[in-house]
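In case you want the letters, here they are:
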Amino acid sequence: QAFKANNFTKNNPNLKTALNKNEFKKNIVIETKSDKKTNQNFEEIFQKAQSYANKRDYTNALSYFKKAEEMDSFSVKLFYFWAHLEMDQGKLEEAKEHLKKTIYLDTSFIPAYFDLANIYEMDNDETKANKMKQTTLKLLKNMKPDTTIKLLKNAKASELIQYLEC
């Protein structure tokens, strides 16, 4: 079935008008500026959440993480750092869910697998802990040995491999 512009633009009359008048470039620039502003606002909100979390002000940190989620529900770093807020509070079930969401959004995000393995070990769930460790190892072995993993205390891939294989 052929694509029909009317179906695509019926919910956006400004876009339909712009397309009809061949002003789509102007509309694209406006949309891009809007996206940049939203991204900037997300970063500001996310930074506030991190700042409160670093101060152990969990109530405000959680409030800002929720605001950031409303702005970007696909942010890997948002869910990863939110999980750390929950780990700091001993809320391991919630942390697991946010780490799983992090992995869902980025299946190669090594720190999330590493942290999830540690939580499963604390829960004495060796099967899931080993699964996360094996996935972490697989990802690490596909990297150059001297690659730094910043979110894991700047450890080198080779150091993490050695640690996980012990």
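Above this text you will find the structure in question.
Residues numbered from 1 in each chain as written. Predicted model: local features only at pLDDT ≥ 70, side-chain atom pairs only at ≥ 80, totals over all residues. Heavy atoms only, no water.

Engineer: Talk me through the overall build of the protein chain; I want residue IDs and the actual numbers.
Structural biologist: Check the secondary structure of the protein chain and you find 9 helices and 2 strands. Classification of the 166 residues of the protein chain by burial places 33% in the buried group. Considering only contacts within the protein chain whose residues lie at least 6 apart along the sequence, 43% involve residues at least 24 apart. Counting only carbon and sulfur atoms, one obtains 49% of the accessible surface of the protein chain, whose full area is about 11200 Å². (Helix = DSSP H or I, 4+ residues; strand = E, 2+ residues; numbered from the N terminus. Buried < 20%, exposed > 50% of the residue type's maximum accessible area, 1.4 Å probe, protein only. Contact = heavy atoms within 4.5 Å. Areas by Shrake-Rupley, 256 points an atom, 1.4 Å probe, with all protein chains shown as cover.)

Engineer: Residues and numbers for the environment of E43, please.
Structural biologist: For E43, the position within the fold is in helix α3 (residues 24-54). On the accessibility criterion, E43 (27% relative accessible area) is partly exposed. Sequence separation between E43 and A68 is 25 residues, and the spatial gap between their C-alpha atoms is 8.1 Å.

Engineer: I'd like to hear about helix α5 (residues 76-88), residue by residue, with values.
Structural biologist: In this model, α5 (13 residues) spans 19 Å end to end at C-alpha, consistent with the 18 Å of a helix rising 1.5 Å per residue. Residues V76, L78, F79, Y80, W82, A83, L85 and E86 constitute the buried set of α5. One or two residues past the end of α5 sits G90, with phi positive at roughly 80 degrees. (Expected span 1.5 Å × (residues − 1).)

Engineer: Before we move on, can you summarise the packing of aromatic side chains with the specific residues and values?
Structural biologist: Applying the stated criterion to the full structure yields 9 aromatic pairs. On the numbers, 5.4 Å between centres and 80 degrees between planes, the contact of Y80 with F81 is edge-to-face. With 5.2 Å between their ring centres and 70 degrees between their planes, Y80 and F109 make a pair best called edge-to-face. With Y80 in helix α5 and F109 in the loop between α6 (92-105) and α7 (110-122), this residue pair connects regions lying 29 residues apart in the sequence. What makes F109 buried here is its relative accessible area of 16%. An aromatic cluster is defined as three or more aromatic residues linked by ring pairs; in this entry it consists of F42, F46, F65, F79, Y80, F81, W82 and F109. (Phe/Tyr/Trp six-rings, centres within 6.5 Å; stacked < 30°, edge-to-face > 60°.)

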